Amino acid sequence: MDSLLRNNEHKAVSDLTRADLRSVHSVLAPTPRKADWRVQMVSKLWNYAVGKLDWPLGPNPARNWDFYGTQSPFEPWPQWMVDALPNAPENVQTIAVLILGKGERPGASVQSLWSDFDGEWMKVRDEKGVK
């Protein structure tokens, strides 16, 4: 966010074009995650400005963007690691069961509360904020 502000604080948001955004995305291409993140952040900020602040900005220049995509996809735990869990320390077993059982990202599983469990049901969070 600091980088976005530092590089753009003198510019009007309403002047941002899709070509401008494409140029930034291309410049950051050697770091694809950073390039995609920058476009995603502009999109979120644009949507917030239009949807929550009623800024008359027009269409989001990041809409229907072609991202570089996942650079390091999530890999499931290898079977040897799952098989070794019964011999792991108790706190490792507990968190591993939460992560494996809830199917969430590890960070979301770690934040589980007792109130997330109700009989055979449990609440599952999407750490990325999707509800």
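## Thoughts on the overall build of the protein chain
Counting its regular elements, the protein chain contains 6 helices and 2 strands. When the elements of the protein chain are put in sequence order from the N terminus, they spell out α-α-α-α-α-α-β-β. The C-alpha radius of gyration computed for the protein chain amounts to 21 Å, which surpasses the reference 14 Å derived for 131 residues by more than 25%, pointing to a less compact arrangement than a globule. Referenced to the eigenvectors of the C-alpha coordinate spread, the extents of the protein chain come out at roughly 60 × 35 × 25 Å. Residues classed as buried in the protein chain amount to 21% of the 131 residues present. Entry remark: accessible area of the protein chain is about 10,300 Å², with carbon and sulfur atoms responsible for 57%. Of the side chains in the protein chain, 16 bear a positive and 16 a negative charge, and the two mean positions are spaced by 7 Å.

## Structural notes on unusual backbone geometry
Residue Asp54 is not a glycine yet carries a positive backbone phi of 60 degrees. Within the element layout of this structure, Asp54 appears in the loop between α3 (32–51) and α4 (79–84). One non-glycine residue, Asn64, adopts positive backbone phi at about 55 degrees.

## A few points about the nonpolar core
Residues Leu4, Leu21, Val39, Met41, Val42, Ala62 and Trp65 constitute the largest nonpolar core, which totals 7 residues. Ranked by residue count, the leading element in this core is α3, at 3 residues. Beyond its immediate sequence surroundings of up to four residues, Met41 is in contact with Met1 and Leu4.

## Observations concerning the pattern of salt bridges
In this structure the tally under the stated criterion is 1 salt bridge. For the salt bridge of Asp116 with Lys102, the shortest nitrogen-to-oxygen distance reads 3.9 Å. Here the residue Asp116 occupies a position in the loop between α6 (106–110) and β1 (117–118), and Lys102 occupies one in helix α5 (residues 90–102), the gap between them amounting to 14 residues. Residue Asp116 is classed as buried on the basis of its relative accessible area, which comes to 4%. A residue is classified by how much of its surface remains accessible, and Lys102, at 7% relative accessible area, is buried.

## Thoughts on the packing of helix α2 (residues 18–27) against α3
Relative to each other, α2 and α3 sit at 155 degrees, their axes nearing to 8 Å. The orientation of α2 with respect to α3, classified from their angle, is roughly antiparallel. Judged by the sense of rotation from one axis to the other, the crossing of α2 with α3 is right-handed. Residues Leu21, Val24 and His25 of α2 form the contact with α3, whose own contacting residues are Ala35, Asp36, Arg38, Val39 and Val42. Looking at the contact of α2 with α3 residue by residue, the class counts come to 5 nonpolar, 1 polar and 2 charged.

## A short note on the side chain of Ser109
Checked against the element boundaries, Ser109 lands in helix α6. A residue is classified by how much of its surface remains accessible, and Ser109, at 0% relative accessible area, is buried. Dropping the residues within four chain positions of it, Ser109 is found in contact with Ile95, Leu98, Ile99, Lys102 and Glu104.

## Points about the side chain of Asn60
With respect to the element layout, Asn60 can be found in the loop between α3 and α4. The class for Asn60 is buried, based on a relative accessible area of 12%. Among the polar contacts listed, one links the side chain of Asn60 to the side chain of Ser43, at a separation of 3.1 Å. Apart from the residues lying within four places of it in its own chain, the contact partners of Asn60 are Ser43, Trp46 and Asn47.

Scoring rules and cut-offs
- Residues numbered from 1 in each chain as written.
- Predicted model: local features only at pLDDT ≥ 70, side-chain atom pairs only at ≥ 80, totals over all residues.
- Heavy atoms only, no water.
- Helix = DSSP H or I, 4+ residues; strand = E, 2+ residues; numbered from the N terminus.
- Rg over C-alpha atoms; globule rule 2.2 N^0.38 Å.
- Buried < 20%, exposed > 50% of the residue type's maximum accessible area, 1.4 Å probe, protein only.
- Areas by Shrake-Rupley, 256 points an atom, 1.4 Å probe, with all protein chains shown as cover.
- Lys, Arg positive; Asp, Glu negative; His and termini not counted.
- Charge placed at Lys NZ, Arg CZ, Asp CG, Glu CD.
- Core = buried A, V, L, I, M, F, W, Y, C linked by side-chain atoms within 4.5 Å.
- Contact = heavy atoms within 4.5 Å.
- Salt bridge = Lys/Arg side-chain N within 4 Å of Asp/Glu carboxyl O.
- Axes fitted to C-alpha atoms, helices over the stretch in contact; angles between N-to-C directions.
- Parallel < 35°, antiparallel > 145°, perpendicular 65-115°, else oblique.
- Left-handed = near helix turned anticlockwise from the far one by under 90°.
- Nonpolar A, V, L, I, M, F, W, Y, C, P; charged D, E, K, R; others polar.
- Polar contact = N/O pair within 3.5 Å; in protein donor to acceptor, adjacent residues only side chain to side chain.

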